[in-house]
Amino acid sequence: MEQAIQPGMQPVATTFFFYLLSGLTLLSGVFVITRKNPVHSALALIFGLLAQAGLYLMLYAPFVAGVQIILYAGGIMVLFLFVIMLVNLERSQREERFNKQWVVGLVAAVALGVLFVVVYVKGKALFPYRIAQPLENSNTQQIGVMLYGQYMFAFEIASLLLLVAIIGAVVMAKKRI
Amino acid sequence: MAPIGTLHYLVVAAALFILGVIGVLTRRNVVIILMSIELILNAVNLNLVAFSRLWGLHGQVFAIFVITDAAAEAAVGLGILIAFFRNKETVNVDEVDLLKW
């Protein structure tokens, strides 16, 4: 905590890696929503999640990056791949991949994008170029202290949520209760 | 080139959010719609972590809660999908129109 980042320890080539990782993230996002085969979409999503973990590392969040890799790319996506292999794909691969209202959906999404652009152009001054405290060396420790101190109640609620989700998923996927 | 500030990350997250919204609104396959929801949640997480660099670690703690939510949502959503596929033999959302009569 008391050791700040030394001047000699500045990250190198931040700009290059930012554009590389964000480009990979967005490219894999495009692949996720355009591929016909859901397995290809899932693999593209895994790749994008790994690239996004790199972005978290660039933002001095190593614990969130690790959780992203272990939980998202390792846990949730395995669940997705299992379910994709449980439901058969042959019929859906011959069918139309976009629904009938896709023009309306695209227009709505573009309108939302225009809204984002307006907000970010008008509110550019609200997001300054300063870095508060990049405490990379004690990040995990500090997050643990916050989770078990200030956010204790939210933490317990999250565990209750996971229990409810487990029971719900088992009940839903069971053939006969 | 300009130094990478918070706004750069916010723009990337906004683009990722838009991609997820397009996926939810235009695709027919339920699995890909659920994956697009994961894209949206990831965009929110990127925003939270980018802001946590400005205002302390609360954003990262909240990002962990969002990941927990994503896990719960994926489990319940895929359970619903399996039950649905067992009854209707399809994974397309526009064939689930029983409530539209």
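Residues numbered from 1 in each chain as written. Chains lettered and ligands numbered in written order. Predicted model: local features only at pLDDT ≥ 70, side-chain atom pairs only at ≥ 80, totals over all residues. Heavy atoms only, no water.

Q: What should I look at first to understand the overall build of chain B in this one?
A: Helices and strands together make up the secondary structure of chain B, namely three helices and zero strands. Listed by position from the N terminus, the elements making up chain B come as α-α-α. Computed over its C-alpha atoms, the radius of gyration of chain B comes to 17 Å, more than 25% above the 13 Å expected for a compact globule of 101 residues. Projected onto the principal axes, the alpha-carbon positions of chain B cover approximately 55 × 25 × 20 Å. Burial analysis of chain B (101 residues in total) assigns 65% to the buried set. (Helix = DSSP H or I, 4+ residues; strand = E, 2+ residues; numbered from the N terminus. Rg over C-alpha atoms; globule rule 2.2 N^0.38 Å. Buried < 20%, exposed > 50% of the residue type's maximum accessible area, 1.4 Å probe, protein only.)

Q: Quick question: what am I supposed to make of the layout of surface pockets here?
A: The gaps left among the atoms become clear once a water-sized probe is rolled over them. Approximately 200 Å³ is the volume found for the second largest pocket. Val-67, Leu-71, Leu-147, Phe-155, Ala-158, Ser-159 and Leu-162 of chain A together with Ile-64, Phe-65, Ile-67, Thr-68 and Ala-71 of chain B together form the lining of the second largest pocket. Elements that contribute at least two residues to the lining of the second largest pocket include exactly helix H3 (62–86) and helix H7 (152–173) of chain A together with helix H3 (58–88) of chain B. Among the elements that take part in the lining of the second largest pocket, H3 of chain B stands out by supplying five residues, more than any other. Classifying every residue of the lining of the second largest pocket gives 10 nonpolar, two polar and no charged. (1 Å grid on protein atoms, 1.4 Å probe; cavity = no way out; pocket = protein on both sides within 12 Å on 5 of 7 lines; lining within 4 Å. Points joined across faces, edges and corners; volume = space filled by probe spheres on them. Nonpolar A, V, L, I, M, F, W, Y, C, P; charged D, E, K, R; others polar.)

Q: Hey, could you run me through unusual backbone geometry in this one?
A: As a rule of thumb, non-glycine residues mostly have phi less than zero, and peptide bonds are mostly trans rather than cis. Residues and elements named next belong to chain A. Phi is positive for Tyr-60, which is not a glycine, with a value near 60°. Along the polypeptide, Tyr-60 turns up in the loop between helix H2 (38–58) and H3. Its relative accessible area of 14% is what places Tyr-60 among the buried residues.

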